[in-house]
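Coordinate analysis (summary)
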Amino acid sequence: MIKKRLPVEVGKMRIGILALQGAVREHRNMLHRLNVETVDVLNPSDLDGIDGLILPGGESTTVGKLLVRYNLLEPIAELGRKGLPIFGTCTGMILLSKYINNSEQYRLGLMDTYVERNAFGRQLASFEADMAIPVLGDIPFHTVFIRAPYIDKVESNVKILLSWQDKILFAEQDNFLAVAFHPELTNDTRVHEYFLKNTIICST
Ligand code: GLN
């Protein structure tokens, strides 16, 4: 039985991190620095009582297949539809999208976004850049991209938080937050704090 708790404050939250593949440890370290309890999600019962869920980067076709094999795809999608806050980075952004250009791969399909995978071309396959992200304040954020996707189209209910050369790199829709880059690979906690303080607190 999946029960959701009402988070009182950031320090009392318990956040699940999908631990099937990818940058799990980095997200865990980031949340521990913010004094937030984490739980690695490998089974449907690990979803009990969490206040939010992080979908780390990795390889989205593989993670999609593992979600099916571990019986997590439908439970997570259902919780998302019921309002569980979910934050996807890179592969997580792909899994959150309803539409993945030219792909039938498994997905949670929760955000009204169209994503293009591995979308930056060979020369920009991996790159880093300082970008101004207004919702995070005046100091630019150091963005790290690794074979990243981008969103090329959204429905009107999606709020765009960062775009660059027509590519949408950071977006939110109700209880969902998606980034194309890897904030967990920096020392900057602001994107994670945005998830805890804005996405979770505003949607519960
Ligand atoms: N290219 C990967 C995919 O399509 C995403 C890369 C990442 O998560 N760093 O799933």
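Residues numbered from 1 in each chain as written. Predicted model: local features only at pLDDT ≥ 70, side-chain atom pairs only at ≥ 80, totals over all residues. Heavy atoms only, no water.

What about the overall build of the protein?
Put simply, the rule reads: Helix and strand definitions here come from DSSP, where helices need a minimum of 4 consecutive H or I residues and strands a minimum of 2 consecutive E residues; each element is numbered from the N-terminal end. Atoms considered for the radius of gyration are the C-alpha atoms alone. The globule rule reads 2.2 Å times the number of residues to the power 0.38. For the exposure calls, accessible area comes from a 1.4 Å probe over protein chains only, and a residue counts as buried if that area is under 20% of its type's maximum, exposed if over 50%, partly exposed in between. Note on areas: these come from Shrake-Rupley sampling with a 1.4 Å probe, and a residue is covered only by the protein chains present in the view. In this tally Asp and Glu are treated as negative and Lys and Arg as positive; neither His nor the chain ends contributes. Charged side chains are reduced to one point each, which is NZ for Lys, CZ for Arg, CG for Asp and CD for Glu.
When its secondary structure is counted, the protein shows five helices and twelve strands. The C-alpha atoms of the protein give 15 Å as radius of gyration, which agrees with the globular expectation for 204 residues (17 Å, within 12%). Projected onto its principal axes, the C-alpha coordinates of the protein cover approximately 45 × 40 × 30 Å. Classification of the 204 residues of the protein by burial places 54% in the buried group. With the model as given, the accessible surface of the protein reaches about 9400 Å², and the carbon-plus-sulfur share is 47%. Where the 22 positive side-chain charges of the protein centre and where its 24 negative ones centre are 3 Å apart.

With respect to the packing of aromatic side chains
Note the threshold: Aromatic contacts are taken between Phe, Tyr and Trp rings whose centres are within 6.5 Å, Trp giving its six-membered ring; a plane angle under 30 degrees counts as stacked, one over 60 as edge-to-face, and the others as tilted. Sitting over a ring, as applied to charges here, requires NZ of Lys or CZ of Arg to be within 6 Å of the ring centre and within 35 degrees of the ring normal.
Counting across every chain of the model gives twelve aromatic pairs. Cluster of aromatic residues (ring-pair linked, three or more members): Phe120, Phe127, Phe141, Phe145, Tyr150, Trp164, Phe170, Phe181 and Tyr194. Against the face of Tyr114 rests Lys153, its NZ or CZ located 4.2 Å from the ring centre.

Thoughts on the pattern of salt bridges
Let me state the cut-off plainly: Salt bridges are counted wherever a side-chain nitrogen of Lys or Arg sits within 4 Å of a carboxyl oxygen of Asp or Glu.
Here the structure, examined in full by the defined rule, presents twelve salt bridges. Across the salt bridge formed by Glu172 and Lys159, the nearest N and O atoms sit 3.5 Å from each other. Of this pair, Glu172 sits in strand S11 (residues 167-173) while Lys159 sits in strand S10 (residues 159-164), placing them 13 residues apart in sequence. In this structure Lys159 comes out as partly exposed when scored by relative accessible area, which is 46%. One network of salt bridges, in which partners are shared, links Glu74, Glu78, Arg81 and Lys82.

What to know about the environment of Ala178
In plain terms, the rule: Contacts are residue-level and defined by heavy atoms, with any inter-residue pair within 4.5 Å sufficient.
Its location among the elements puts Ala178 in strand S12 (residues 176-179). Not counting residues within four places of it along the chain, the set of residues in contact with Ala178 comprises Gly88, Met93, Leu96, Met111, Leu169, Phe170 and Ala171.

Comments concerning the site of the ligand
For the record, the criterion: Throughout, near means a residue has at least one heavy atom within 4 Å of the molecule or strand. Within 3.5 Å is the distance limit for a polar contact, defined as a pair of N or O atoms, with the added protein rule that one can donate a hydrogen and the other accept it, and that residues adjacent in sequence qualify only through two side-chain atoms. A cavity, in this analysis, means grid points on a 1 Å lattice covering only the protein atoms where a 1.4 Å probe fits yet has no way out; a pocket is instead an open set bounded by protein on both sides within 12 Å along at least five of seven lines, and a residue lines either one if it has an atom within 4 Å of a point. Should more than half of a molecule's atoms lie within 2 Å of a pocket's or cavity's grid points, that molecule is taken to sit in it. Throughout this entry, Asp, Glu, Lys and Arg are counted as charged residues, while Ala, Val, Leu, Ile, Met, Phe, Trp, Tyr, Cys and Pro are counted as nonpolar. The remaining residues, Gly among them, count as polar.
Around the ligand, the structure places Gly57, Gly58, Glu59, Ser60, Cys90, Thr91, Ile94, Arg117, Asn118, Ile146, Arg147 and His182. In the model, an oxygen atom of the ligand is placed 2.6 Å from a nitrogen or oxygen of the Ser60 main chain. One of the side-chain N or O atoms of Thr91 is found 2.9 Å from an oxygen atom in the ligand. For the ligand, whose free accessible area comes to 300 Å², the fraction covered by protein is 93%. Taken atom by atom, the bulk of the ligand overlaps the largest pocket. Its residues placed into classes, the shell around the ligand shows three nonpolar, six polar and three charged.

Describing the nonpolar core
Selection rule: Grouping buried Ala, Val, Leu, Ile, Met, Phe, Trp, Tyr and Cys residues that are joined through side-chain atoms within 4.5 Å yields what is termed a nonpolar core.
Counting residues in hydrophobic clusters, the biggest one holds 68 residues, and the most contacted among them are Phe170 and Leu196. Per-element tally for this core: the top contributor is helix H5 (residues 190-203), with five residues.

Here we look at the layout of surface pockets
Quick note on the threshold: Grid points are joined across faces, edges and corners, and a volume is the space filled by probe spheres set on the points.
Taken as a whole, the largest pocket holds about 170 Å³ of empty space. Residue classes in the lining of the largest pocket are distributed as four nonpolar, five polar and three charged.

With respect to unusual backbone geometry
We note that Asn35 has phi near 60°; this positive angle belongs to a residue other than glycine. Relative to the assigned elements, Asn35 resides in the loop between helix H1 (24-33) and strand S2 (37-41). At Asn102, a residue that is not glycine, the phi angle is positive and equals roughly 55°. Here Asn102 is to be found in the loop between strand S5 (97-100) and strand S6 (111-116). Note on Asn102: relative accessible area 81%, which makes it exposed.

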